[in-house]
Amino acid sequence: MALHLRAGRPHDHHKDGNETQAEATAQDTGRRTSPGRVGLGVCPTQGLGSRAARRPRRGVGTTSASRVPRPGAFMPATCSRKIFIHCRGQPPRTHVGSKRPKRSRIRRCHTRVPGWTHEKRMGSSIKEGLRPVLSRLDQDADLLEEEEAARLPVTSLEEFLLEGDKQPSPSQGSFFYIGGTNGASIISNYCESKGWQRTQDSRCEDYKLKWCEIKCRDNYCSFREGQQLLFQLPNNKLLTTKIGLLSALREHSRTLSKARLLPSTQAKVLKMEEFFPETYRLDIRDERQAFFTLFDETQIWICKPTASNQGKGIFLIRSQEEAAALQAKTQSIEDDPIYRKMPFRAPQARVVQRYVQNPLLLDGKKFDVRSYLLIACAAPYMVFFGHGYARLTLSLYDLHSSDLGGHLTNQFMQKKSPLYMLLKEGTVWSMEHLNRYINDKFRKSKGLPRDWVFTTFTKRMQQIMVHCFLAVKSKLECKLGYFDLIGCDFLIDENFKVWLLEMNSNPALHTNCEVLKEVIPGVVMETLDLALETCQKSLHCQKMLPLLSQRRFVLLYNGETTDLWQRIGGCSRPLARLPPTTPPRSTCEAASSALSSARAPADRSSARKPGPSRGTPTCTSRKSRLPDSGRGSVAESEPSVCSGSPEGCRDAAREPSPGPSEEEREEEQRSTSHRGS
């Protein structure tokens, strides 16, 4: 903020001293000065503005030997020493003498200059009349100096505050940035329809939306909470890496086993082994030894890097020779001194997972289902489920085939086939197509309910997604404006059991097939609509439901009703969050929330949390907290921890945190260097 002065410096202050003196003498030619006015005429500070008035030490009306009357006055020839001229409008002084004159404040004029023999002493009446004027000038100059000194720091502080609180105008900040090509055209069309402009500057901080395929630390450091939308949660690797998901589910299972659940409740809680294939980490010695001990050639295992996608680095383990080669390789990596000193240079950590050998086949081809977990808002959490599509292989399924194209269904692997361009439309089915096929082929023979895909199967996928989200909810970094779209891959075996294979960050948004052209744009646009609406409602402390932009996505988790939030400055904020190892907990929460809260000792802040009533607590199931918007079925989540008994609730709240063991924490720290982004 510029500092505006009341009066500026005279426009001729850049002229040299001789030119200014000549002009001043010419202007006063013909004006005779009476003897009584010599050396005491009108004070040069008058009429020069505040700048000149604030410099009272410039020889105004002084009787010092080095001071002279104002320019234009009569100059006697008997002047006994060299003098200097201080002209109107000329702040600099030219010192002719060898020694710089001593500055002094404005003093009461004695009107006598040595060497001026013709000058007469002023009368007492003149002296008395001028003293109040000069005194007032002296006081004004002091006040102006003090006022200026006091105003400068205040002005700087105001400038700082205004700069920090400055809100972008409608013409400013209406930019969006897209990093990468995945779904770029769909996102760009959506943003341009909002009147936003695309920027190619990845360092631009004045944006409305930033959608990047690869996470960058700088994006999160410069993020303006509540003012911007940023795709991908900073630590979504808790879900989207193989090791992260495995560790989260294991810890959640330990928490469930420690929680005091009613028998009827315990039966409804998902168990990890019911939906997640048996998995071992190869970067942990004990797990690695356990796997190689139990391995036999009757089972096929699949080995995956923790943070890769598109089928990269995946291979099958069928024989003892292949298992022995894998064991030797992992052991050599662990023993390598280079990797010990620089673990970040080591290859990605890997997991081995039991291969589902009896998948359900569609016309003899293996398939899986891609669905979407949308975290539209992180403060409070608003989590949705979205249908995707079915992915099929080009070749017929053969368990003993060494061709990975018959085992991995993603498009990246299928494109390697020379027949892909001819048969690519058959590699992707819509969910409606899948539902019709299962109705026709398996409903009667397997005794399935009608529309099994949109009833039982959908409900199961939603239950698994909620379970996984609750396993990491207390550890995710949440800020208002963060949102994420996660691709979840499910496999159905021939017994119609549903398995979660993995979760992927930055899911493929390409539209190279007709089915994808129908599905992907709707998923992306509704994702952005929900992210915008939930962010604005949270920012303005409005109720989330109903959501006008909700069309095909189904609400799974509403943090506005299940989590305790406090509003600060118009923004949603969670109550004081503890470190991830001791997340906040609330008593008498539905099973999923109570299970998450059981990871830590009872939070002291929970004692201050106002309950719904002071009477007997009534614990409702998670199902009641997942309102059905009428746009699709809502996942029946995990049941309540307690019902009716306050003592039971308190006992559940006092349950100590099982948490990971010290050895597991050490292994986790050691393995972080192997994980991808």
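The structure under discussion appears in the preceding block.
Residues numbered from 1 in each chain as written. Predicted model: local features only at pLDDT ≥ 70, side-chain atom pairs only at ≥ 80, totals over all residues. Heavy atoms only, no water.

1. Some words on the overall build of the protein chain
Note the cut-off: Numbered from the N terminus, helices here are DSSP runs of H or I no shorter than four residues, and strands are runs of E no shorter than two. In this description, contact between two residues means that some pair of their heavy atoms is separated by no more than 4.5 Å. The accessible surface values rely on the Shrake-Rupley method and a 1.4 Å probe; as for residues, cover is taken only from the protein chains in view.
Helices and strands together make up the secondary structure of the protein chain, namely 22 helices and 17 strands. A separation of at least 24 residues holds for 70% of the contacts in the protein chain among residues at least 6 apart in sequence. Accessible surface, the protein chain: about 34000 Å² in total, of which carbon and sulfur atoms supply 52%.

2. Points about the pattern of salt bridges
Defined as follows: Take a side-chain nitrogen of Lys or Arg and a carboxyl oxygen of Asp or Glu: if they are within 4 Å of each other, that pair is a salt bridge. For each residue, the accessible area found with a 1.4 Å probe, counting protein chains only, is set against the maximum for its type, and the residue is called buried under 20%, exposed over 50%, and partly exposed in between.
Considering all chains together, one arrives at 17 salt bridges under this definition. A salt bridge links Lys475 to Glu251, with the nearest nitrogen and oxygen atoms 2.5 Å apart. Note that Lys475 is positioned in the loop between helix 17 (456–472) and strand 13 (482–492) and Glu251 in helix 7 (residues 242–258), a separation of 224 residues in sequence. Of the residues examined, Glu251 reaches a relative accessible area of 10% and is grouped as buried.

3. Observations regarding the sheet that holds strand 7 (residues 315–317)
Going by this rule: At least two bridges found by DSSP between two strands is the condition for calling them paired. In this description, a line fitted to the C-alpha atoms serves as the axis of each element, helices being fitted only across the stretch in contact, and the angle between N-to-C directions of two axes falls anywhere from 0 to 180 degrees.
As summarised here, the arrangement of the four strands in space is 5-8-6-7, forming an open sheet in which the pairing is antiparallel. Two strands in the sheet have a free side with no partner beyond their single neighbour: strand 5 (279–281) and strand 7. Neighbouring strand axes in the sheet, compared pairwise and without regard to direction, differ in orientation by 30 degrees on average. Across three bridges, the pairing between strand 6 (residues 301–305) and strand 7 is antiparallel. Within the sheet, the bridge partner assigned to Trp301 lies in strand 7 and is Ile317.

4. Comments concerning the nonpolar core
Note the cut-off: We define a nonpolar core as any set of buried Ala, Val, Leu, Ile, Met, Phe, Trp, Tyr and Cys residues linked to one another through side-chain atoms lying within 4.5 Å.
Ranked by size, the top nonpolar core spans 59 residues in total, and within it Phe457 and Leu500 carry the most contacts. For this core, the element with the most residues is helix 17, which contributes ten residues. Among residues more than four places away in sequence, those in contact with Leu500 are Leu245, Phe275, Phe276, Pro277, Ile464, Cys468, Cys488, Asp489 and Phe490. Counting 43 residues, the second-largest nonpolar core is a separate cluster that includes Cys191, Val523, Val524 and Phe553.

5. Remarks on unusual backbone geometry
Here the bond from Ala379 into Pro380 is cis, since omega is 0 degrees, no more than 30 degrees from zero. On the secondary structure map, Pro380 appears in the loop between strand 10 (365–378) and strand 11 (381–392).

6. Some words on helix 11 (residues 320–335)
Each α-helix turn comprises 3.6 residues. Residues three or four places apart therefore point the same way. How we decide: Expected helix span is taken as 1.5 Å per residue step, with the number of steps being one fewer than the number of residues. By construction, the arc corresponds to the directions joining the helix axis to the C-beta atoms.
Between its terminal C-alpha atoms helix 11 stretches 22 Å, which fits the 22 Å expected from 16 residues at 1.5 Å a residue. Taken residue by residue, helix 11 has Ala323, Leu326, Thr330 and Glu334 as its buried positions. The buried side chains of helix 11 occupy one side of the element, clustering within an arc of 70 degrees when seen end-on. Projecting away from the buried face of helix 11 at angles above 90 degrees are the exposed residues Glu321 and Lys329.

7. With respect to the environment of Glu287
Tracing the backbone through its elements, the reader meets Glu287 in helix 10 (residues 285–294). Residue Glu287 is classed as buried on the basis of its relative accessible area of 15%. Excluding its chain neighbours within four sequence positions, the residues that come into contact with Glu287 are Arg250, Tyr280 and Arg281.

8. Remarks on the packing of helix 10 against helix 11
If you want to describe how two helices pack, look at the angle between their axes and the distance between the axes. In plain terms, the rule: Roughly parallel refers to an angle under 35 degrees, roughly antiparallel to one over 145, roughly perpendicular to one between 65 and 115, and oblique to any angle outside these ranges. Here a crossing is taken to be left-handed if its near helix is turned anticlockwise relative to the far helix by less than a right angle, and right-handed if that turn runs clockwise. When residue character is reported, Ala, Val, Leu, Ile, Met, Phe, Trp, Tyr, Cys and Pro are called nonpolar, Asp, Glu, Lys and Arg charged, and the others, Gly included, polar.
Packing of helix 10 against helix 11 leaves a shortest axis separation of 11 Å and a crossing angle of 165 degrees. By the angle class used here, helix 10 and helix 11 are roughly antiparallel. Where helix 10 crosses over helix 11, the two elements pack in a sense that is left-handed. Residues Arg285, Arg288, Gln289 and Phe292 of helix 10 lie in contact with helix 11, whose contacting residues are Ala323, Leu326, Gln327, Thr330, Gln331 and Glu334. The residue inventory of the contact of helix 10 with helix 11, partitioned by class, reads three nonpolar, four polar and three charged.

9. Here we look at the pairing of strand 14 (residues 498–505)
Side-chain direction in a regular strand flips from residue to residue, so the side chains alternate between the two faces of the sheet. The buried count for strand 14 comes to eight of eight residues, which makes it a mostly enclosed element. Alignment of strand 13 against strand 14, held across seven bridges, turns out to be antiparallel. The residue of strand 14 that forms the bridge with Asp489 is Glu502. Taking the residues that link successive antiparallel strands as the turn, the strand 13-strand 14 hairpin has five residues, and the phi of Phe496 there is positive, at about 60 degrees.

10. Thoughts on the packing of aromatic side chains
So the rule is basically this: Whether two aromatic rings pair depends on their centres lying within 6.5 Å, for rings of Phe, Tyr and Trp, where Trp uses its six-membered ring; planes under 30 degrees apart make the pair stacked, over 60 edge-to-face, and the rest tilted. Geometrically, a charge over a ring is one whose NZ (Lys) or CZ (Arg) sits within 6 Å of the ring centre while staying within 35 degrees of the ring normal.
All told, the structure shown has 17 aromatic pairs when counted by the stated rule. Ring centres of Trp452 and Phe457 lie 5.3 Å apart, and the angle between their planes is 15 degrees; this geometry places the pair in the stacked category. Both residues of the pair, Trp452 and Phe457, belong to the buried class. Over the ring of Phe412 we find Lys312; its NZ or CZ atom is 5.7 Å from the centre of that ring.

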